[in-house]
Amino acid sequence: LQLPLREGRARYRQEKFAAAAAKFSTALELCSKGFAIEDPLKSSPDDISRVASFIESKLVLCYLKLGQPGIALTHAQRSIIQHPSYFRNHLRQAACLRRLQRYSEAARYCTALQGSSFHSPTAQGTSGPTSEGLIQRRALIQEALNGEASFLVLYTPFEKEDRADKAKEANKTFAEMHPDYMQHIFTDPHGIHLLPESAESLPDQQYLLTLGFRNKEIGKAVEKCVTRKLPICPDQKTPFSPSKEKEAETFWENIGKKVMAVMDFIGSTKIKDERSPCARAMEQFHHASLLGRLHRGQEEAQVMTQVMAELATVPYLQRVSQEDDKLLQSLTADAMDILAGRTGDRVWTKIQKV
């Protein structure tokens, strides 16, 4: 294993990135066959996972240098699955998403680094996750808003005891400030948001997030997804109503893509979701299901890899109850089954039926 790793690093320093990627891929294959540790019988699964994560992170850098951020993103997500507690894996994922111009998603992963228990090599003089994540998050959220014309947002400071009154007040204020975005207005009832521009000056202040839309149908679809206790697939009028392939295609092109973009933005300033620690992953399950019905297998697999990384990270972002931990493990098993092409009942679809 050491030989291809040394050769890969040498090729990378020589800026021969394709050759370096080939060497690191060889190292990853060797690692998967049990060559990660000198004595496999005395090593722990965590040791092997960290070696695999390290190699995946090297492949991320190679493919970014080669101008292939899509491939780099897959390796970044795999590095997170193998070693979710190392914050630089998440920053590399954000870098890949930024290169793909998926700014809201990139900002969300930088937001998640704040206030988390990720490992940080600060003792060696490297900046920790909070400072790096904050700087990148603010820039990414601004980029996301700059490229968005279909909705606007308003942040309103609040205390927990007056949330309902503040939400009504925020909706009224938004309508007065932005008359062009009054087709549909609502305030996110679930989650704690951070103000992008000045989060460092008031670190403990919580904000309500109000959104206004030019398109009423998109606004209603987003509110339907966000305000439910657990997400349902946005192309279904009622849970498990039949959805023909042609109708699903039309929905995805006209509404679905835009709804997912708004959902990503809402998550970009939200540290914690009050519905469930697994709520974001369940949204992505529905996203993948829709892509599957459209026979977009490669995109579906990419979303499911993202779900795996999301679920692996959850315990490092917040405390997980015994009930949520059981759900987390079940959803992880669902994701692995879907990626492996296995069929059968899924936990997340059973929850939706209930």
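Residues numbered from 1 in each chain as written. Predicted model: local features only at pLDDT ≥ 70, side-chain atom pairs only at ≥ 80, totals over all residues. Heavy atoms only, no water.

Q: Explain the packing of helix α9 (residues 216–227) against helix α10 (residues 245–268) to me, please; I cannot follow it from the model alone.
A: Each pair of packed helices can be described by the angle between their axes along with the distance between the axes. Where α9 meets α10, the axes come as close as 9 Å, and the angle between the chain directions of the two elements is 50°. The angle between the axes of α9 and α10 places the two elements in the oblique class. The hand of the α9/α10 crossing is right-handed. Facing E217, I218, A221, V222, C225 and V226 of α9, the residues of α10 in contact are I255, K258, V259, V262, M263 and I266. Its residues assigned to classes, the contact of α9 with α10 comprises 10 nonpolar, no polar and two charged. (Axes fitted to C-alpha atoms, helices over the stretch in contact; angles between N-to-C directions. Helix = DSSP H or I, 4+ residues; strand = E, 2+ residues; numbered from the N terminus. Parallel < 35°, antiparallel > 145°, perpendicular 65-115°, else oblique. Left-handed = near helix turned anticlockwise from the far one by under 90°. Contact = heavy atoms within 4.5 Å. Nonpolar A, V, L, I, M, F, W, Y, C, P; charged D, E, K, R; others polar.)

Q: Which parts of the structure should I look at to understand the pattern of salt bridges?
A: Any two side chains of opposite charge can pair, given that their charged atoms come close. One pass over the full model with this rule turns up 11 salt bridges. A salt bridge links K23 to E7, with the nearest nitrogen and oxygen atoms 2.9 Å apart. One end of the pair, K23, is in helix α2 (residues 17–35); the other, E7, is in helix α1 (residues 2–13), and 16 residues separate them in sequence. K23 sits in the partly exposed class, given a relative accessible area of 26%. Judged by its relative accessible area of 25%, E7 is partly exposed. Between E105 and R102 there is a salt bridge; the shortest N-O distance is 2.8 Å. With a relative accessible area of 9%, E105 lands in the buried category. With a relative accessible area of 29%, R102 lands in the partly exposed category. (Salt bridge = Lys/Arg side-chain N within 4 Å of Asp/Glu carboxyl O. Buried < 20%, exposed > 50% of the residue type's maximum accessible area, 1.4 Å probe, protein only.)

Q: Where do I start with the environment of H295 in this structure?
A: Mapped onto the fold, H295 is located in the loop between α11 (279–293) and α12 (297–317). Considering only alpha carbons, one finds H295 and E245, 50 residues apart in sequence, at a separation of 9.2 Å.

Q: Any chance you could explain unusual backbone geometry here in plain terms?
A: A negative phi angle is the norm for most residues apart from glycine, just as the trans form is the norm for most peptide bonds. Residues other than glycine seldom take positive phi values, yet Q101 does so here, at roughly 65°. Within the secondary structure layout, Q101 lies in the loop between α5 (87–99) and α6 (103–113). In this structure, H295 is a non-glycine residue whose phi angle is positive, near 60°.

Q: Sorry, what's going on with the pairing of strand β1 (residues 151–158) here?
A: For a regular strand, the rule is simple: side chains alternate between the two faces of the sheet. Extensive coverage of β1 is indicated by the burial of six of its eight residues. As paired strands, β1 and strand β4 (residues 206–213) are joined by eight bridges and run antiparallel to one another. Bridge pairing links L152 to G212 in β4. (Pairing = 2+ DSSP bridges.)

Q: Mind showing me how you'd approach the confidence of the model for the protein here?
A: When pLDDT drops low, the exact placement of atoms in the prediction is not to be read closely. Residue-level pLDDT values for the protein average 82, and 83% of them are 70 or greater. Low pLDDT, under 50, characterises residues 119–129; the stretch is placed with 21 contacts to residues that sit more than four places away or in other chains. In the predicted structure, residues 238–242 sits below a pLDDT of 50 and forms seven contacts with residues beyond four places in sequence or in another chain. (pLDDT = per-residue confidence, 0-100.)

Q: Help me understand the packing of aromatic side chains in this model?
A: Any two aromatic rings considered together are summarised by their centre-to-centre distance and by the angle between their planes. The tally for this structure, following the rule as stated, stands at five aromatic pairs. Judged by centre distance (5.2 Å) and plane angle (65°), the ring pair of Y12 and F17 falls under edge-to-face. You can call F17 buried: its relative accessible area is 15%. Consider the rings of F186 and F213, whose centres lie 6.3 Å apart with planes at 0°: the pair is stacked. Taken together, the residues F186 in strand β2 (residues 184–187) and F213 in strand β4 connect sequence positions 27 residues apart. (Phe/Tyr/Trp six-rings, centres within 6.5 Å; stacked < 30°, edge-to-face > 60°.)

Q: So what exactly am I meant to see when it comes to the packing of α12 against helix α13 (residues 322–339) here?
A: As a packed pair, α12 and α13 sit with axes 10 Å apart at the nearest point and diverge in direction by 155°. Comparing their axes, α13 and α12 come out roughly antiparallel. Between α12 and α13 the crossing geometry is left-handed. Contacts between α12 and α13 involve E300, A301, M304, T305, V307, M308, L311, V314 and P315 from the former and L328, L331, T332, A335, M336, I338 and L339 from the latter.

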